[in-house]
Amino acid sequence: MSTIQRAYKTELDLNNAQITACKQHAGAARWAYNWGLQRKQEAYRATGTSPSAIELHRELNALKQTAVPWLYAVSKCAPQEALRSLDTAFAHFFRRARLQKHGKLHGKLGYPRRKNRKRGLGGCRLTGSLVILPGAVQLPRLGRLRLKERGYLPADTKILSATVSEQAGHWYVSLLVEHEHVVPENTGPVVGVDLGLKRLATLSDGHVEENPRHLQRRLQKIKRLQRAVSRKVKGSQNRKKAARRLGTHYRHVANQRANTVHQFTSRLAKTKSVVVLEDLNVAGMLKNHRLALAISDVGWGAFRRQLTYKAAWYGCRVVVADRWEPSSKTCSGCGWVDGDLTLAERPFRCENPARPDCGLVLDRDLNAALTLAQLADSSSDSLNACGEDGSGQRQVALVKPSSMKQELNAV
Ligand SMILES: [Zn+2]
C-alpha cells in the first residue's frame, strides 16, 4: 500500500460570469508570473541571487495595497501558485543546465519565458477549500462550477490542488488528488517495443500498433485555415474568428493524439510485466525538419512519460536500453550487428559470417523489438518471477542472452 498522486482533468460548463472570473484568475496568474520573472532577473543582475517564491509573495502582498489593487478581486492562490510555478520552472532550468554540463542533455534548456495572452490564456492553480460535488466542483473565489461529465471525478479523496485552464475556448479543471494505491501483481510477459514513424510501435510479440497520423490526416485542412488567418487584416474580428477556427481544429488533433497514446500506454502497463524501450533523442530528432512533423504527430515524448508513471501503478517495469545499442541493426537471432544497414533497408537480413546457420530474415521493426526484449532478459537481475513468463512468448530465433550481451558490448 502506498499513496500516489493522480490528476483528473475534465471539462467545465461555465456561464458568462464564471468565464469572466476564470479569465481574471488566469490573467492574475500570468501577471504574477511575469512580474516575478522580471523581479528575479533584476535581482540577479544586481546581487547575483534571486528572491524565492515566498519572498516574492510577501513583496507582492505589500504591492497589492498600492500598485495592483485589482489583485484583490481574485483568489490569493492565483498569484501565489504562479510564483511557485516560476520557482519550479527555474528549478527545471537549472537541472537541465547541470545535465547539459555533464553532456547528458541535448535538448533545450528552457529558460522560463514571459507568459503572453496570445500564446494561450493559460490558467491558475488553486488550493485550500476544494470540494467535489456530484456534477460540479467548488473552488475558492470561483464558487461552484458545473462539469460537463458526471461521475468522472473521484469522491472521498484528499484533493491537493485544482487547476483551471483554457484551451481553444474550452475551460477545464484538473484536480490533483492523493490515493491509497495497491500495486497489483503483474503476470504479463516481457515485451520489447520499437517505436517508429510509419507504425507507432512494433512489439516483440508481433503486435503492430498503427500510427493514426491525426495531424497528417488533417494537414490540408489546417493549412487552409492557416492561410485564412493570414489573409485577414491584423487585429480584425475576422482574423480572431479565423484563428479560433484553427485553434478548434488543433485542439481536436491534440485530443485524438492524447487518446491514442493514453490507450496504448495503459494497455502496455496493465498487460506486460517488463517493457523495454530504446532511448530516443526526441528533441534532437525534432531538429530534423523532415522528420519533425511526423515525430511530433506520433507523440513519443508523451509516450515515455505516460508509460513511466502508469508502469508504477500497474507493477510493470520499464527498461530503457542505452542508445549505443543499435537494436535496429542487431540480429535478434545471433546478435550480429549489421554495420552498414541503411534506413531504407527492409526487411532485416542476417549475414553473420561466423553464423551462416542463422540466416534470419525478419521484418526490420520486429527484429528491433525482439532485440530489445532480449536486453531486458540479459541485463536484468531484478526481474520479477512473473517476468520469466516472457520467455514463453513467440520468438523467431533463440539465443543465449549472455552471449548476445557480450557481442553487443563488443560493438
Ligand atoms: Zn543472425
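So, a few notes on the structure that sits alongside this text. (Residues numbered from 1 in each chain as written. Predicted model: local features only at pLDDT ≥ 70, side-chain atom pairs only at ≥ 80, totals over all residues. Heavy atoms only, no water.)

## Things to note about the state of the cysteines
- A complete count under the given rule lists zero disulfides for this structure.
- Here C77 is not disulfide-linked; the sulfur of C124 is the nearest cysteine sulfur, at 8.5 Å.
- Classification of C77 by relative accessible area gives buried; the value is 6%. (Disulfide = S-S within 2.5 Å. Buried < 20%, exposed > 50% of the residue type's maximum accessible area, 1.4 Å probe, protein only.)

## Observations concerning the side chain of E11
- Position of E11 among the secondary structure elements: in strand β1 (residues 2-13).
- Not counting residues up to four positions away in its chain, the partners in contact with E11 are L147, K148, H170, W171, Y172 and R251. (Helix = DSSP H or I, 4+ residues; strand = E, 2+ residues; numbered from the N terminus. Contact = heavy atoms within 4.5 Å.)

## A word on the environment of H252
- Structurally, H252 can be placed in helix α5 (residues 237-271).
- Spatially, the C-alpha atom of H252 lies 9.9 Å from that of R218, the residues being 34 residues apart in sequence.
- Side chain to side chain, H252 and R218 meet in a polar contact 3.4 Å long. (Polar contact = N/O pair within 3.5 Å; in protein donor to acceptor, adjacent residues only side chain to side chain.)

## Regarding the sheet that holds strand β7 (residues 170-181)
- Strand order in the open sheet made by the seven strands is β2-β6-β7-β1-β5-β4-β3, with antiparallel pairing throughout. The open sheet is flanked by β2 (123-126) and β3 (131-133), the only strands paired with a single partner. Each neighbouring strand pair of the sheet contributes to a mean axis angle of 30°, computed without reference to strand direction.
- Two strands pair when backbone bridges link them, and β3 and strand β4 (residues 136-139) are joined in this way by three bridges, in the antiparallel orientation. Looking at the pairing, L133 lines up with A136 of β4. (Pairing = 2+ DSSP bridges. Axes fitted to C-alpha atoms, helices over the stretch in contact; angles between N-to-C directions.)

## Brief notes about the sheet that holds strand β11 (residues 274-278)
- With respect to topology, five strands assemble into an open sheet ordered β10-β9-β8-β11-β12, the strand pairing being mixed. Unpaired on one side and paired on the other, β10 (208-210) and β12 (317-321) mark the two borders of the sheet. Neighbour-to-neighbour, the strand axes of the sheet open up by a mean angle of 20°, direction not taken into account.
- Here strand β8 (residues 190-195) runs beside β11; their pairing, made up of three bridges, is parallel. Within the sheet, the bridge partner assigned to V191 lies in β11 and is V275.
- Where α5 meets the sheet, it contacts β8, β9 (199-203) and β10, and its direction lies at approximately 5° from that of β9.
- Together, β8, β9, β11 and β12 form the strand contacts of helix α8 (residues 300-314), whose direction differs from that of β11 by roughly 155°.

## Some words on the coordination of the zinc ion
- The protein atoms donating to the zinc ion are C331 (SG), C334 (SG), C350 (SG) and C358 (SG), with metal-donor distances spanning 2.2 to 2.3 Å.
- In this structure, the zinc ion is surrounded by four donor atoms whose angles at the metal cover 107 to 111°, and the resulting shape is tetrahedral.
- Linear spacing of the donor residues for the zinc ion on their chain is C-x2-C-x15-C-x7-C. Here C334, found in the loop between β12 and β13 (348-349), pairs with C358, found in the loop between β13 and β14 (361-362); they are 24 residues apart in sequence, far enough to count as distant.
- When its relative accessible area of 1% is taken as the criterion, C334 is described as buried. (Donors = N, O, S within 2.8 Å, 3.2 Å for Na, K, Ca; no water. Tetrahedral: all angles 85-135°; square planar, octahedral: opposite > 155°, others 65-115°.)

## Considering the nonpolar core
- Counting residues in hydrophobic clusters, the biggest one holds 40 residues, and the most contacted among them are L12, V137, L139, V164, V173 and L175.
- When sequence neighbours within four positions are dropped, the list of residues in contact with V137 reads L12, V131, G143, R144, L145, L147, L153, V173 and L175. (Core = buried A, V, L, I, M, F, W, Y, C linked by side-chain atoms within 4.5 Å.)

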